[in-house]
Amino acid sequence: MESFQITHFNLRETLYSGQFFNFREEVNGLYTIVNGGDIFQVKQEENMIYYVGVDKNYLIDFFGLDFDEKKLSYFSDDVYFKEAFTLYRGLKIMNIDLFQTIISFVCSAASNQKKIENNIRLISKTFGTFNEKFDRHTFPTPEQILLEGNTLDLLLECKVGYRAKYILSICKFLVEQPTYLHEILRGDYTTSHKLLMNLPGIGSKVADCICLFGLHHMQAFPVDTWIKKILSTWYGIEGSQKHLELQAKEKFGDYGGYIQQYLFHYAREKKLL
DNA sequence: TACCAGGTAAAAG
DNA sequence: CTTTTACATGGT
């Protein structure tokens, strides 16, 4: 295995923070990770990262290791963020395969982390390409998902429930419009968010998660049930979904997504609220 | 057994 | 334009 040194990175904390759902822990802290068509293994021991299957630059991009934390200094006086950052520094915002992120967060609606992980694992196993070296399946392309005739039934076997029809429609849409994912990748935050909202099963919150974890648009601030409680209890911000989104963008600024992830992780881990 | 889960879309007010 | 409800499934 190759290796490199890194400070202020926590692999486990990052993987389990609810951004990413396609990994498996092997023995003693070794993780096998599926990111779109790429499969690789990573392990952390203190400040060393050991890896096989991809190169160092890939991991820096995937785990967002080049993010300059000084950019968050404008919010460092906030008591809740300060506490969360002290506890969980090393939690990074990832940069995950776009299509996999889209499907993952379509599955996230009214679900939970364990269920989403199971959905994504089953979708990989059912539609993806088997990789002998790592004994895992890639995450499929839209074409691969449509390849089987009875896609809807197969998706239901992946236990995605009512989200199956959304996934099927999204795959058809993306196959009919082959440049659409590139347009999403190329656009700025506002453009990408709009393009994502055109897809069935994707509303404002899911689009923001995809913008943040799949496109690294740091100003995306997903307002979910946890964040609603946080905004209300800690910051006295209440109102409609639209109102909360606007207020949050104003309060948390250009790197609101990063701050949001710390607050979210902190509230969940400590079982606050 | 109920109720809820990193919501969305469609129906109804 | 705002509020309510159905939607599949599994965790707690």
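For the structure, check the block above.
Residues numbered from 1 in each chain as written. Chains lettered and ligands numbered in written order. Predicted model: local features only at pLDDT ≥ 70, side-chain atom pairs only at ≥ 80, totals over all residues. Heavy atoms only, no water.

Draft legend 1. The pairing of strand β5 (residues 48-52), seen in detail. On β5, burial follows the alternation: Ile 49 and Tyr 51 on one face are buried, whereas Met 48, Tyr 50 and Val 52 on the facing-out side are not. As defined by bridge partners, strand β1 (residues 2-5) adjoins β5 across four bridges and the pair is classed as antiparallel. Of the residues in β5, the one forming a bridge with Glu 2 is Tyr 51. Looking at chain direction, strand β4 (residues 38-45) and β5 are connected through five bridges and run antiparallel. Residue pairing in the sheet places Gln 44 in a bridge with Ile 49 of β5. Remark: two residues form the turn of the hairpin made by β4 and β5, two consecutive strands paired antiparallel; Glu 46 in that turn has positive phi of roughly 55°. (Buried < 20%, exposed > 50% of the residue type's maximum accessible area, 1.4 Å probe, protein only. Helix = DSSP H or I, 4+ residues; strand = E, 2+ residues; numbered from the N terminus. Pairing = 2+ DSSP bridges.)

Draft legend 2. Seen up close, the protein's contact with DNA strand B. Close to DNA strand B lie 26 residues, the nearest being Ser 111, Tyr 162, Gly 203, Asp 224 and Gln 260. The sugar-phosphate share of atoms of DNA strand B within 4 Å of the protein amounts to 60%. The separation between a base nitrogen of DNA strand B and a polar main-chain atom of Ala 110 is 3.4 Å. At 3.0 Å, a backbone N or O of Val 206 approaches a phosphate oxygen of DNA strand B. At the level of elements, α11 (204-215), α12 (225-235) and α14 (256-269) are the ones that each hand at least two residues to the surface near DNA strand B. The leading source of residues in the surface near DNA strand B is α11, at four residues. For the surface near DNA strand B, a count of residues per class yields twelve nonpolar, twelve polar and two charged. (Near = heavy atom within 4 Å. Polar contact = N/O pair within 3.5 Å; in protein donor to acceptor, adjacent residues only side chain to side chain. Nonpolar A, V, L, I, M, F, W, Y, C, P; charged D, E, K, R; others polar.)

Draft legend 3. A look at the environment of Gly 201. Within the secondary structure layout, Gly 201 lies in the loop between α10 (189-197) and α11. The partly exposed category is assigned to Gly 201, whose relative accessible area is 32%. Taking the C-alpha atoms as reference points, Gly 201 and Ala 164, 37 residues apart in sequence, are found 9.7 Å from one another. In this structure Gly 201 touches Val 106 and Tyr 166, once residues within four positions along its chain are discounted. (Contact = heavy atoms within 4.5 Å.)

Draft legend 4. Looking closely at the nonpolar core. Ranked by internal contacts, the top residues of the largest apolar core, which has 92 residues, are Ile 33, Phe 63, Ile 102, Leu 196 and Ile 202. Counting residues per element, this core draws most heavily on α11, at eight residues. There are two domains that each give this core at least three residues, and those are domain 1 (2-68) and domain 2 (98-213). When residues no more than four places from it in sequence are discounted, the contact partners of Leu 196 are Ile 102, Ile 184, Ile 202, Ala 207, Ile 210, Cys 211 and Leu 215. (Core = buried A, V, L, I, M, F, W, Y, C linked by side-chain atoms within 4.5 Å. Domains from an automatic or database assignment.)

Draft legend 5. Seen up close, the protein's contact with DNA strand C. Around DNA strand C, the neighbouring residues are Ala 110, Asn 112, Lys 114, Lys 115, Lys 159, Gly 161, Tyr 162, Arg 163 and Lys 165. When the atoms of DNA strand C within 4 Å of the protein are sorted by group, sugar and phosphate make up 65%. Backbone polar atom of Tyr 162 to a sugar or linking oxygen of DNA strand C: 3.0 Å apart, as the coordinates give it. When grouped by side-chain class, the residues that make up the surface near DNA strand C number two nonpolar, two polar and five charged.

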